[in-house]
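What the coordinates show
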Amino acid sequence: KILERVIQYAQLLLKEVRALGAELEASQLEIIRSICQVAMDPTHETEEDTATALTDAVRDMKPLLDENFVAYLKYAISEEEGRLARAGLLDDPEHNRWLFVLKIVQEGVYAELSKGVQRYIDHISYVLRMETKEERKMLLSKLIDKMPSMDIRPFVKVVENISASLGAGRRGEFDNAVLGSMANRILQLRRDVHDLLPPDRIKILSRDADEWAARQKKKLLEQRGVSKQRLKAARESGGYDEEIGRREVERFD
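Residues numbered from 1 in each chain as written. Predicted model: local features only at pLDDT ≥ 70, side-chain atom pairs only at ≥ 80, totals over all residues. Heavy atoms only, no water.

**Quick notes on the overall build of the chain**
For the chain, the helix and strand inventory stands at 11 helices and zero strands. Listing the helices and strands of the chain from first to last along the sequence gives α-α-α-α-α-α-α-α-α-α-α. Taken over 253 residues, the chain has a buried fraction of 30%. Taking contacts inside the chain between residues at least 6 apart in sequence as the whole, the part at least 24 apart equals 71%. A total accessible area of about 16600 Å² is found for the chain, and carbon and sulfur atoms account for 55% of it. (Helix = DSSP H or I, 4+ residues; strand = E, 2+ residues; numbered from the N terminus. Buried < 20%, exposed > 50% of the residue type's maximum accessible area, 1.4 Å probe, protein only. Contact = heavy atoms within 4.5 Å. Areas by Shrake-Rupley, 256 points an atom, 1.4 Å probe, with all protein chains shown as cover.)

**A look at the packing of helix α3 (residues 67-86) against helix α4 (residues 97-129)**
Two measures define how a pair of helices packs: the angle their axes make with one another and the distance between the axes. Two numbers describe how α3 lies on α4: the axes approach to 10 Å, and their chain directions differ by 155 degrees. Between α3 and α4, the interaxial angle falls into the category roughly antiparallel. Note that α3 runs across α4; the crossing there is left-handed. In this structure, α3 contributes F69, V70, L73, K74, A76, I77, E80, E81 and L84 to the contact, and α4 contributes W98, L99, L102, K103, V105, Q106, V109, Y110 and L113. A class-by-class count of the residues in the contact of α3 with α4 yields 13 nonpolar, one polar and four charged. (Axes fitted to C-alpha atoms, helices over the stretch in contact; angles between N-to-C directions. Parallel < 35°, antiparallel > 145°, perpendicular 65-115°, else oblique. Left-handed = near helix turned anticlockwise from the far one by under 90°. Nonpolar A, V, L, I, M, F, W, Y, C, P; charged D, E, K, R; others polar.)

**Things to note about helix α5 (residues 133-146)**
Its 14 residues give α5 an end-to-end C-alpha distance of 20 Å, which sits within 8% of 20 Å, the value for a rise of 1.5 Å per residue. Every buried residue of α5 is accounted for by R136, L140, L143 and I144. Viewed end-on, α5 has its buried residues packed into an arc of 100 degrees, placing them on one side of the element. Turned more than 90 degrees off the buried face of α5, the exposed positions are E134, M138, K142 and K146. (Expected span 1.5 Å × (residues − 1). Arc of directions from axis to C-beta.)

Below you can see the structure in the form of structure tokens.
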């Protein structure tokens, strides 16, 4: 009986995980759909107009383009490449359109995110140039006070990544002759960031961006529901391409 209960509980957890995974995937696909809708807007008269609109759209969606979305893009591209390769259709333009869409979206997202990373690195460079510990912490404090809500979490992540690149140096176990005095400044930067941005303050300063992202995700899921209703209506009215509809459901359902 105990084993049966364990199995039943495991099955229940598996269903919940699958449901959560489906919901998360749906939200990621809706972000991709939103980007594609901008690209297909017929009001854009030139390629330059389309490129500008896409840049603006991706920039506006930046709070949604988090690590989960970047990881999903990598996963989706890998899965689609594998599916096409197994079917011998990887180079078939009639079947690899979705793969190209994913890669184009990935390229645009990476380009926008790289701008943010470069801005954070510039901030960090300004701080590290200061001569004394006090000056460095003071400048860091002023930068954080002026930092947009959507930049708080990514900035902390970049600082952590730079610090992690020191390896054992994060614990003070490094050869100063090899890494130089800059290592000490980077370690101080990490400590100062932890001091100036404890979890509670990160939550407060990121609140506007978090709330905006939550509203956008809700809106995207609502749009998904509208799209499914349109597909259903098209199917019932007869104005429905079965092959296109099947692909639409597979990709966005």
